[in-house]
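Residue-level structure breakdown
So you can see what is in the structure, the chains are spelled out below.
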Amino acid sequence: MNAQTTIALVTGANKGIGYEIAAGLGALGWSVGVGARDQERREAAAEKLRAAGLDVFGVPLDVTDDDSVAAAARLIEDRAGRLDVLVNNAAVTGGMPQMPTTVDLAVLRRAIETNVIGVIRVTNAMLPLLRGSASPRIVNMSSGVGSLTRQTTPGAETGPVSAAYSPSKTFLNAVTIQYAKELGDTNILINAANPGYVATDLNNFRGFRTPEQGAAIAIRLATLPDDGPTGGFFEDDGVVPW
Ligand SMILES: NC(=O)c1ccc[n+]([C@@H]2O[C@H](COP(=O)([O-])OP(=O)(O)OC[C@H]3O[C@@H](n4cnc5c(N)ncnc54)[C@H](OP(=O)(O)O)[C@@H]3O)[C@@H](O)[C@H]2O)c1
């Protein structure tokens, strides 16, 4: 491993926006860990990225599983000895429908376990490796539907009523702020990203943006300069209101 090569890990990188984030970071000449829980899907994605000339490696990773996440950190430690960029992209809706008055609590738990606790689990496991980087960056893939301001702005498009998915992204935004506060005296920059409404499995391909367009904001936040922002929430057009 060339000491100059930037090392990144993208969770949920086997498809959708995560795949395109991995492709975009790989195109920068970085060495990118394709984090994915399913062996076949992970290897197929890594193979496709490699065929495009990119330097990628598969990382078995289920963000809801302590052992899996610990093993992923060991894999990166053994391979590179440090991590420069972590993109917490993996997420689930939890299952539909999720009206607050009738929501199945298992749906709620699934969304929080993956979209919030999973991010904390992965981030904390990777932090010792990130601390070994000269310019560590963490990007948390959030969503515009997590914006309380947009949720309460008449006419703003924030998707269907959601007791699990949208609040899980609001929770993730809040956690991002807390990390930024705790890590404020380090060189780690951590921000949340809104990719917009993207056609992926998550929404049965109803989104109107391409996964590549959705990946752009995460790539921008992954490549922030050392004096870039931390503890913020961004989309292509700029700051997203909390
Ligand atoms: N699509 C949109 O319009 C939109 C809008 C706003 C925000 N986002 C956010 O963008 C991110 C990517 O979503 P997407 O639209 O690309 O969805 P997607 O196509 O459904 O991809 C989700 C990825 O997360 C992975 N994943 C789910 N649970 C996991 C777990 N426990 N451990 C590891 N990986 C897991 C999936 O792996 P499997 O293939 O194994 O299921 C898949 O690779 C998510 O954070 C999502 O909330 C999407």
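Everything below is about the structure printed above this text.
Residues numbered from 1 in each chain as written. Predicted model: local features only at pLDDT ≥ 70, side-chain atom pairs only at ≥ 80, totals over all residues. Heavy atoms only, no water.

With that out of the way, let us pick up the overall build of the protein. The secondary structure content of the protein amounts to 7 helices and 8 strands. Computed over C-alpha atoms, the radius of gyration of the protein comes to 17 Å, within 12% of the 18 Å expected from 2.2 N^0.38 for 242 residues, which places it in the range of a compact globule. Across its three principal axes, the protein shows a C-alpha extent of roughly 55 × 40 × 30 Å. The buried share among the 242 residues of the protein stands at 52%. A fraction of 70% describes how many contacts in the protein between residues 6 or more apart in sequence connect residues 24 or more apart. Accessible area of the protein: about 11,100 Å², with a carbon and sulfur share of 53%. Looking at the protein, you have 20 positive and 25 negative side-chain charges, and the mean spots of the two groups are 3 Å apart. (Helix = DSSP H or I, 4+ residues; strand = E, 2+ residues; numbered from the N terminus. Rg over C-alpha atoms; globule rule 2.2 N^0.38 Å. Buried < 20%, exposed > 50% of the residue type's maximum accessible area, 1.4 Å probe, protein only. Contact = heavy atoms within 4.5 Å. Areas by Shrake-Rupley, 256 points an atom, 1.4 Å probe, with all protein chains shown as cover. Lys, Arg positive; Asp, Glu negative; His and termini not counted. Charge placed at Lys NZ, Arg CZ, Asp CG, Glu CD.)

Once that is clear, we can look at the packing of aromatic side chains. Counted according to the given criterion, the structure contains 2 aromatic pairs. Here F233 and W242 contribute two aromatic rings whose centre-to-centre distance is 5.6 Å and whose plane-to-plane angle is 25 degrees, an arrangement assigned as stacked. For F233, a relative accessible area of 1% translates into the label buried. The class of W242 is partly exposed, set by a relative accessible area of 37%. (Phe/Tyr/Trp six-rings, centres within 6.5 Å; stacked < 30°, edge-to-face > 60°.)

With that out of the way, let us pick up the sheet that holds strand β1 (residues 7–10). One open sheet holds the 8 strands; their spatial order is β3-β2-β1-β4-β5-β6-β7-β8, and the pairing between them is mixed. What marks the edges here is a single partner per strand, and that holds for β3 (55–60) and β8 (238–239). Of the strand pairs in this sheet, strand β7 (residues 233–235) and β8 are connected by 2 bridges, and their pairing is antiparallel. The residue bridging F234 from the neighbouring strand is V239, located in β8. Strand contacts of helix α2 (residues 39–51): β2 (31–36) and β3, with the helix running at about 175 degrees to β3, the strand carrying the most contacts. Contacts from helix α4 (residues 105–130) reach β1, β4 (85–88) and β5 (137–141) within the one sheet, and its direction differs from that of β4 by about 175 degrees. (Pairing = 2+ DSSP bridges. Axes fitted to C-alpha atoms, helices over the stretch in contact; angles between N-to-C directions.)

Before going further, it helps to spend a moment on the site of the ligand. In the vicinity of the ligand lie 29 residues, with N14, N89, Y165, V198 and T200 positioned nearest. Interatomic distance of 2.5 Å between a side-chain N/O atom of Y165 and an oxygen atom of the ligand. Between the ligand and V198, the relevant distance is 2.7 Å, taken from an oxygen atom to a main-chain nitrogen or oxygen of the residue. The protein chains hide 95% of the 900 Å² of surface that the ligand would expose on its own. Listing elements by their share of the shell around the ligand, those giving two or more residues are α1 (16–26) and α6 (165–182). (Near = heavy atom within 4 Å. Polar contact = N/O pair within 3.5 Å; in protein donor to acceptor, adjacent residues only side chain to side chain.)

Okay, the nonpolar core next. Counting residues in each nonpolar core, the largest one holds 32 residues, and the members touching the most others are V10, I21, L25 and L49. Elements that contribute at least two residues to this core include exactly β1, α1, β2, α2, β4, β5, β6 (189–193) and α7 (211–222). The contacts of V10, once residues within four sequence positions are left out, are G18, I21, A22, L25, V32, G33, V34, G35, V87 and N89. I7, I76, A90 and I138 belong to the second largest nonpolar core, which has 28 residues in total. (Core = buried A, V, L, I, M, F, W, Y, C linked by side-chain atoms within 4.5 Å.)

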